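For reference, the chains in residue letters:
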Amino acid sequence: MAGCGSEEPMRTVTKTEAATEAAELLVENADGKIVLTDEQWRKILTSEQYRITREQGTERAFTGKYWDTKTDGVYRCVACDQPLYSSKAKFKSGTGWPSFWEPIDPKMIGTHSDTAYGMVRTEVHCSRCDAHLGHIFNDGPRPTGQRHCINSASLRLEADSSPGGSD
Ligand SMILES: [Zn+2]
C-alpha cells in the first residue's frame, strides 16, 4: 500500500474493543453534555444510526426495529444511553414508528422548531448528546395529547429483567 499515507495495518475491531472505545468517548463535559466530533460518532454508531441521529434522518415507516414492539422496558438513547422513553408510555399509532405520549422525564429531551419541507414541526432530540430522535405532534392520546414519533434507530430497548415487578 505504498503511497496511501496509512501506516496502520488493517485490523478487525472486536465488539469488546468497540464498546470500550465508546465508553471512553462518552464522557460528559462540565454542562453534563456529550459532545463528540462526527468522526467519533461514526466510530460508535452504525451508518443508519449515524444518518438518523446526527444528520436528522428518518427511517422508512414500518422498517424500524421497535415500531411494533410491546416488550416492557426502557428505551435509551442509542448514542449515549440516556433513558428517554418508557414502554408504559408507548402506544400503537399506526404510523410505522415507535410512538410515545411522554418522555420518562422532560429533562431527558430537548426540542426545537423544525421548518424543513415547508412544514412547522417540533423536532425532538436527546438532551445529553443532541441525537435526533424524531418529532412531536399534538394528535396523541391522553393524558398529554402528544405523539412523540421516534425513529427506532435512535433507540435501544433495555427490556425489564423482572416481569411483574411490584412497582
Ligand atoms: Zn443521547
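Quick look at the structure, then. Because the structure is a prediction, the values reported are computed rather than measured.

**A closer look at the environment of arginine 128**
Alright, step 1. Within the fold, arginine 128 resides in the loop between strand E6 (121–126) and strand E7 (132–137).
Alright, step 2. We classify arginine 128 as buried; it has 23 C-beta atoms within 10 Å.
Alright, step 3. Each C-alpha atom, one on arginine 128 and one on alanine 79, is 9.7 Å from the other, the two residues being 49 residues apart in sequence.

**Concerning the environment of arginine 142**
Alright, step 1. The topology assignment puts arginine 142 in the loop between E7 and strand E8 (147–150).
Alright, step 2. Exposure remark for arginine 142: the 6 C-beta atoms within 10 Å place this residue in the exposed category.
Alright, step 3. For the pair formed by arginine 142 and tryptophan 101, sequence separation is 41 residues and the distance between their alpha carbons is 7.7 Å.

**Side note on unusual backbone geometry**
Alright, step 1. Residues arginine 142 and proline 143 are joined by a peptide bond in cis, for which omega reads 10°.
Alright, step 2. On the secondary structure map, proline 143 appears in the loop between E7 and E8.
Alright, step 3. Residue phenylalanine 62 is not a glycine yet carries a positive backbone phi of 65°.
Alright, step 4. As for its placement among the helices and strands, phenylalanine 62 is situated in the loop between helix H3 (47–54) and strand E1 (73–77).

**Details of the sheet that holds E7**
Alright, step 1. The 6 strands are arranged E3-E4-E8-E7-E6-E5 in an open sheet whose pairing can be described as antiparallel. Every interior strand has two partners, whereas the edge strands, strand E3 (90–91) and strand E5 (109–114), have only one.
Alright, step 2. Bridging between strand E4 (residues 99–100) and E8 involves 2 bridges; their strand directions are antiparallel. Counterpart to serine 99 in the pairing with E8 is cysteine 149.

**Quick word on the nonpolar core**
Alright, step 1. Ranked by size, the top nonpolar core spans 27 residues in total, and within it Cys77, Ala79, Cys80, Cys126, Cys129, Ala131 and Ile150 carry the most contacts.
Alright, step 2. Not counting chain neighbours up to four residues away, the residues in contact with isoleucine 150 comprise Tyr85, Trp97, Pro98, Phe100, Leu133, Gly134 and Leu155.

**Here's the deal with the sheet that holds E1**
Alright, step 1. The strand order E2-E1-E9 describes an open sheet built from 3 strands, whose pairing is antiparallel. At either end of the open sheet lies a strand with only one pairing partner, and these are strand E2 (83–86) and strand E9 (155–159). Mean inter-strand twist for the sheet, computed between neighbouring axes without regard to direction, equals 30°.
Alright, step 2. Direction of pairing for E1 relative to E9: antiparallel, over a ladder of 5 bridges. Its bridge partner being in E9, cysteine 77 is matched across the sheet by leucine 155.

**Some thoughts on H3**
Alright, step 1. Those residues of H3 lying buried are Gln49, Ile52 and Thr53. In an axial view of H3, the angular spread of the buried residues amounts to 90°, which keeps them on one side of the axis.
Alright, step 2. Just beyond H3, the residue with positive phi is glutamine 56, at close to 55°.

Rules and cut-offs
- Residues numbered from 1 in each chain as written.
- Predicted model: local features only at pLDDT ≥ 70, side-chain atom pairs only at ≥ 80, totals over all residues.
- Helix = DSSP H or I, 4+ residues; strand = E, 2+ residues; numbered from the N terminus.
- Buried ≥ 20, exposed ≤ 12 C-beta atoms within 10 Å, placed from the backbone.
- Pairing = 2+ DSSP bridges.
- Core = buried A, V, L, I, M, F, W, Y, C linked by C-beta atoms within 7 Å.
- Contact = placed C-beta atoms within 7 Å.
- Axes fitted to C-alpha atoms, helices over the stretch in contact; angles between N-to-C directions.
- Arc of directions from axis to C-beta.

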